[in-house]
Structure formats: C-alpha cells, structure tokens
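Letter by letter, the chains look like this.
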Amino acid sequence: MNVVFAVKQYISKMIEDSGPGMKVLLMDKETTGIVSMVYTQSEILQKEVYLFERIDSQNREIMKHLKAICFLRPTKENVDYLIQELRRPKYSIYFIYFSNVISKSDVKSLAEADEQEVVAEVQEFYGDYIAVNPHLFSLNILGCCQGRNWDPAQLSRTTQGLTALLLSLKKCPMIRYQLSSEAAKRLAECVKQVITKEYELFEFRRTEVPPLLLILDRCDDAITPLLNQWTYQAMVHELLGINNNRIDLSRVPGISKDLREVVLSAENDEFYANNMYLNFAEIGSNIKNLMEDFQKKKPKEQQKLESIADMKAFVENYPQFKKMSGTVSKHVTVVGELSRLVSERNLLEVSEVEQELACQNDHSSALQNVKRLLQNPKVTEFDAARLVMLYALHYERHSSNSLPGLVMDLRNKGVTEKYRKLVSAVVEYGGKRVRGSDLFSPKDAVAITKQFLKGLKGVENVYTQHQPFLHETLDHLIKGRLKENQYPYLGPSTLRDRPQDIIVFVIGGATYEEALTVYNLNRTTPGVRIVLGGTTVHNTKSFLEEVLASGLHSRSKESSQVTSRSASRR
C-alpha cells in the first residue's frame, strides 16, 4: 500500500498509452499539484512530454505536431473547458484521463463536441488525491466543516478523494467510524454509497481478511496539531510550512535568489529520504557529514585537465557534483533557518512546557511554567497563545483551573485579540464535551503501569515524549481491542480477524507527527500495512485556521466561562 507509487503508476501509464512522439500534458489546478508530488519536470521530459499546460489558460498556441494527454478532475468546469477545446482542437490527438468517476452524460457531451474526431480515448485513472509520503495522503482542503457538520462541497470532494484512494490501492474495505463525530458517520455513509453504486469498479480479488477503513475526527485530539515538532519533516512544516513539497524561504534573512523556494521530496532527494523522520540533533550531525562528503568530492580548482580522459571524467562527474551541491546548499539553508527560529523564539524551553502540558498531570507545575514563559519577552504571541490553549484543553475541568488569569496574562503581554479568542475556540472545537475519548488520563491498568515505569525511568528525550492519540487507537485496532461502542462498523458485518490493510482518514486534517507514528507502526508490526490520510496535513497555524473556519468560535462564550460547561455529550 504505497500511495506515491499508485499515483506514479497512473501517470506513467497515461504517457505510455499515448505512444511515441512529442506530447503536451494538459492539467487543471488540482491535477497539476497531484502530478508534481510524484514526478519532477525533468523525469517527465525524458518521456517525451515537452509542454505542460493548464486547461483553463486562455492563450495556448495551436501545435498540431503535439499529442495531448489530458489529466483532469471530472468537474463541470473542466468538462466545459474540454468541450470548447474539442470544438477547436489545438493538438493533433487527445488522450483524456479523468481522476475520478465521470458521468455518462458528460462523456456523451464530449463525444458530441468531438466533431473532428481527435479523441483517441477517454478513461478514468483514480489519482484524485495528493500523495505526500508513501503512507500519507492529503486532499489539501482547509476548513471542511461548518460547526460540527460538513460543508456540502467539501463532503463531496472528500468522498471522491477517499473512494479514488480505495480504487487506486484496489481495496474494497469494511468501514468503522468514530461514534462521537457526526461528520465521521456522514462520510462513512457517503463512501459506502459510492462503493454500492459503483460495485463493478470495486470488485477486487478477495483477500482472506478484508481491508479496513477507519474514519476519525480531528476534534478527538486537538493536542497533537498544537505541539512544536522535532523530527525533520514535521519541524519544517511547523516552522516554515510545506505546500505540495515546496518550502518558501523568501523571508530568510540574506537568502540567495535560487534558494527562495526549495523542494523537499523523498522521491528524489536521498538526504531528505534518510533524515525526514530523524530528530533535529541527529540531522545537525548528518548535515555535517554531508558537507564533509561534499568537500571530498569537490573537483579541485587546480585539478589539471591535461588529457582528453581527464576532461571526460570531469564532464561525467559534473552533473552528480552539481546535484550534490544543490542538495547541500538546500539542506544547510533549511536547517540553518530552523536553528535560527528555535533560538530566536526560545522554542526548546517552550516545547518542554508543551510536552509537560500534553503528557503529564501536575497542574501546579504546569501552571507555574506557563506563567513563567508568558513573562519571557522572547516568547512570541503565537507560542504564548499555543501554551494557553494546551493548558485550557488539559485542565479544562480542573478544580484549580486558572484560565481567566492566563488569558489576562496574554492581554498584558500584548497578544492580539485574534489569538486570545482562539483559546476558547479551540476548547469549543476539541474540549472534553466533544471528545469521544479520554485524551489525558491513562485508561487501564496496563497504561497506568506503562506511565508509572516511564516516570521511574525518565524520558530519553524530553521534547518527544508525546505520542499522538492515534497511536493508541491503531494499537488497539491492530490487536483487535478497539471498542465497537466507540468505533462501530457501518452495516451489519464485523471483522472476525485482526485487520492487515488499514486506511485511516482524519476529518479536519492529519499531522506529520501522526504520519511518523504510522511509519513506525508499519516498520515494527509485521503483516500490518497502514496508510494515513486527512482532509489536509496540519501545522499549528493551519490547524488554528481550521478551527476558525469551523465557525465554532463565534458561538463560544468568553473563555472564563468555558470551564463551567455542563457535561452533556454531543
């Protein structure tokens, strides 16, 4: 179950099926992103695709010597663009691929428009999602719900993305969903409807144990997306932001022109592939090794190119040298900037307190530490608000809850009203009243013992104590212990055996910390394959935008009253 490989295969097949000759790839805004995640431009150029165009761009030239490969989402808008295109074709022949199920009436409209008979084929290739890592996919949707319910347009897009994922991995799953979330149940029903309606597409070879789709809601764990991260990929997203593998470095002081935007892709950057899940400290020493390696391979300035053989050797090694030089300067710049932000924003200290708020239950120590950091001028308003949000979520019902005082401290620190209001909005979004599970206290004897032993041993890394709640959910699921009264099956049938192929989808967005959890579970649990997806992949900034977009903040009371809520469950 490798989503990058699945999408890559579709695109290779499209290009192969169009045969030899020069080609243009016609895409829309979304499919451009989908393709760019799995292929570099130079890789596609080698397959005789010499031009990349958007279907909605008005001033494309007529080039009858090119074949057109169209890879488009099956939206009304795209079908209309295609109809216009086929009435006045700019290219010699068209191979049309839709990223999802296309209606018969749309195919008929296209056939009617094709008076010059330039269409060679129309097919459905289900690459309708962003493949981020081999085991992580996203739909790049920010703000999928209004209140607790789906925005109808986003529900439809999510259903399409999730069913395309199942088709591309050739899985027809049983479905479980989080009972405490209305949105999870709704999405489960929509996916099931598509599977029933398009049953012929979902007729795959039966496996002994059917695959399982588990649908969760971000509201159940609002802690994970609020934490600072210390592994490479997660940290880059948290501090710099990753958008379709691209990092914007234009704000970095003294940045050179060619490094204003860099691409971090494990598919074609070996250093990144080997380091994306490692801790920041390890990356520092690995960068040093990379630099030393680079120094050794650097062509000597005074190297004499006397013979033809010398020149030949230099020319042959130059591309690798140039590529290595690009990799070195890119990662040195990124790690340097992360380092600068960590010290400028005092993030080591901030993160230590965040971890204490997320993982321990000592209220007075936590409160003291938060208060101390709120007085520190180096702590930004963003980090200050984040600490108060974590406190508010953890100690929401604590008898000595001091949230009003902390919100007052935020005001005195000069934190803007936007962030102060977000404190109560986050509690409204993912507080105790909403959660179907208990995020903070250990559930059973085993968990309590584990926590006790952890306390005795001390933590090997104070900055990475936290495990996302997803870890526990998946651990129970793999062991066949996930409670059906909290995560029921959709429909009458249930799994007798422990699941082997698991697709987890988080409404409201997954995180890179959860992706790391899935990566480690895949590595350490033989016979189990897990893929994680979300409406988007969050860092703290985008998660707070998600909370704002849900509109719950407008209904929430002033933060001082949040603590006295009645315990009615939704």
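Here the structure is a predicted model, which means the values were calculated and not measured.

S.K.: In this structure, what is going on with helix H6 (residues 152–168)? I would like to understand it.
M.R.: Helical geometry: 3.6 residues make up each α-helical turn, so side chains three or four residues apart lie on a common side. Given a rise of 1.5 Å per residue, 17 residues ought to cover 24 Å, and the 24 Å separating the end C-alpha atoms of H6 matches this to within 8%. The element H6 is extensively covered by neighbouring structure, given that 12 of its 17 residues are classed as buried. Those residues of H6 not exposed but buried are Leu-155, Arg-157, Thr-158, Thr-159, Gly-161, Leu-162, Thr-163, Ala-164, Leu-165, Leu-166, Leu-167 and Ser-168.

S.K.: Is there a simple way to explain the side chain of Arg-386 in this structure?
M.R.: On the secondary structure map, Arg-386 appears in helix H14 (residues 381–394). Arg-386 gets classed as buried once you look at its relative accessible area, which sits at 1%. Polar contacts involving the side chain of Arg-386 include one to the main-chain carbonyl oxygen of Leu-226, which spans 3.1 Å. Once residues within four sequence positions are removed from consideration, Arg-386 is found in contact with Leu-226, Leu-227, Asn-228, Glu-238, Arg-345, Glu-354 and Thr-540.

S.K.: Honestly, the nonpolar core in this entry has me stumped. Any pointers?
M.R.: If you look at soluble globular proteins, the nonpolar side chains tend to sit buried side by side. Counting residues in hydrophobic clusters, the biggest one holds 164 residues, and the most contacted among them are Ile-215 and Ile-507. Beyond its immediate chain neighbours, meaning those up to four positions away, Ile-507 contacts Cys-144, Cys-145, Trp-150, Ala-183, Ala-184, Leu-187, Ile-215, Leu-216, Asp-217, Arg-218 and Thr-535. Grouped together as the second largest cluster of nonpolar side chains are 19 residues, Val-24, Ile-55, Leu-82 and Val-118 included.

S.K.: Help me understand the pairing of strand E6 (residues 130–133), please; the structure alone is not making it clear to me.
M.R.: Regular strands place side chains that alternate from one sheet face to the opposite one. The sheet contact formed by E6 and strand E7 (residues 136–138) spans three bridges and is antiparallel. Bridge pairing in E7 places Ile-130 opposite Ser-138. Turn length for the E6-E7 hairpin, with the two strands adjacent in sequence and antiparallel, is two residues.

S.K.: Can you help me understand the sheet that holds strand E12 (residues 242–243) in this one?
M.R.: Strand order in the open sheet formed by three strands is E12-E13-E14, and the pairing between neighbours is antiparallel. Edge positions in the sheet fall to E12 and strand E14 (261–263), since each of these pairs with one other strand and no more. Strand direction decides the pairing type here: E12 and strand E13 (residues 246–248), joined by two bridges, are antiparallel. If you follow Asn-243 over to E13, its bridge partner there is Arg-246.

S.K.: Whenever I open this one, the packing of helix H13 (residues 363–375) against H14 confuses me. Can you help?
M.R.: For any two helices packed against each other, the geometry is given by the interaxial angle and the distance between the axes. Where H13 meets H14, the axes come as close as 10 Å, and the angle between the chain directions of the two elements is 165°. Between H13 and H14, the angle falls in the class roughly antiparallel. Once H13 is placed against H14, the crossing between them reads as left-handed. Together, His-363, Leu-367, Val-370, Leu-373 and Leu-374 of H13 and Ala-384, Leu-387, Val-388 and Tyr-391 of H14 make up the contact between the two elements. Grouping the constituent residues of the contact of H13 with H14 by class yields eight nonpolar, one polar and no charged.

S.K.: Please clarify how the environment of Glu-396 should be interpreted in this entry.
M.R.: Along the chain, the position of Glu-396 falls in the loop between H14 and helix H15 (403–413). When the C-alpha positions of Glu-396 and Val-427 are compared, they lie 8.1 Å apart, and in sequence the two are 31 residues distant. Here Lys-432 takes part through its backbone nitrogen, which lies 2.8 Å from a polar atom of the side chain of Glu-396.

S.K.: What should I look at first to understand the confidence of the model for the protein in this one?
M.R.: Predicted coordinates in regions of low pLDDT should not be interpreted in detail. Here the protein averages 86 in pLDDT, and 89% of its residues register 70 or above. In the model, residues 452–459 has pLDDT below 50 throughout and makes two contacts with residues more than four positions away in sequence or in other chains. Low pLDDT (under 50) marks residues 555–570, which in the prediction has 28 contacts with non-local residues, meaning those over four places away or in another chain.

S.K.: Sorry, what's going on with the packing of H13 against H15 here?
M.R.: Taken N-terminus to C-terminus, the directions of H13 and H15 make an angle of 10°; their axes are 10 Å apart at the nearest point. Looking at the two axes, H13 sits roughly parallel to H15. Contacts between H13 and H15 involve Leu-367, Val-370, Lys-371 and Leu-374 on the former and, on the latter, Leu-406, Asp-409, Leu-410 and Lys-413. Across the contact of H13 with H15, the residue classes break down as five nonpolar, no polar and three charged.

S.K.: Explain the packing of aromatic side chains here, please?
M.R.: A ring pair, where both rings are aromatic, is described by two values, the distance of the centres and the angle of the planes. One pass over the full model with this rule turns up 13 aromatic pairs. Arranged with centres 5.7 Å apart and planes meeting at 65°, the rings of Tyr-129 and Phe-137 form a pair that is edge-to-face. Here the two residues Tyr-129 and Phe-137 agree in accessibility, since each one is buried. One aromatic cluster is present, formed by Tyr-10, Tyr-97 and Phe-125 through successive ring pairs. It is Lys-8 that lies over the ring of Tyr-39; its NZ or CZ is 5.1 Å from the centre. For the cation-ring pair, Lys-418 lies above Tyr-419, with the distance from its terminal atom to the ring centre recorded as 5.2 Å.

Analysis parameters
- Residues numbered from 1 in each chain as written.
- Predicted model: local features only at pLDDT ≥ 70, side-chain atom pairs only at ≥ 80, totals over all residues.
- Heavy atoms only, no water.
- Helix = DSSP H or I, 4+ residues; strand = E, 2+ residues; numbered from the N terminus.
- Expected span 1.5 Å × (residues − 1).
- Buried < 20%, exposed > 50% of the residue type's maximum accessible area, 1.4 Å probe, protein only.
- Polar contact = N/O pair within 3.5 Å; in protein donor to acceptor, adjacent residues only side chain to side chain.
- Contact = heavy atoms within 4.5 Å.
- Core = buried A, V, L, I, M, F, W, Y, C linked by side-chain atoms within 4.5 Å.
- Pairing = 2+ DSSP bridges.
- Axes fitted to C-alpha atoms, helices over the stretch in contact; angles between N-to-C directions.
- Parallel < 35°, antiparallel > 145°, perpendicular 65-115°, else oblique.
- Left-handed = near helix turned anticlockwise from the far one by under 90°.
- Nonpolar A, V, L, I, M, F, W, Y, C, P; charged D, E, K, R; others polar.
- pLDDT = per-residue confidence, 0-100.
- Phe/Tyr/Trp six-rings, centres within 6.5 Å; stacked < 30°, edge-to-face > 60°.
- Lys NZ or Arg CZ within 6 Å of the ring centre and 35° of its normal.

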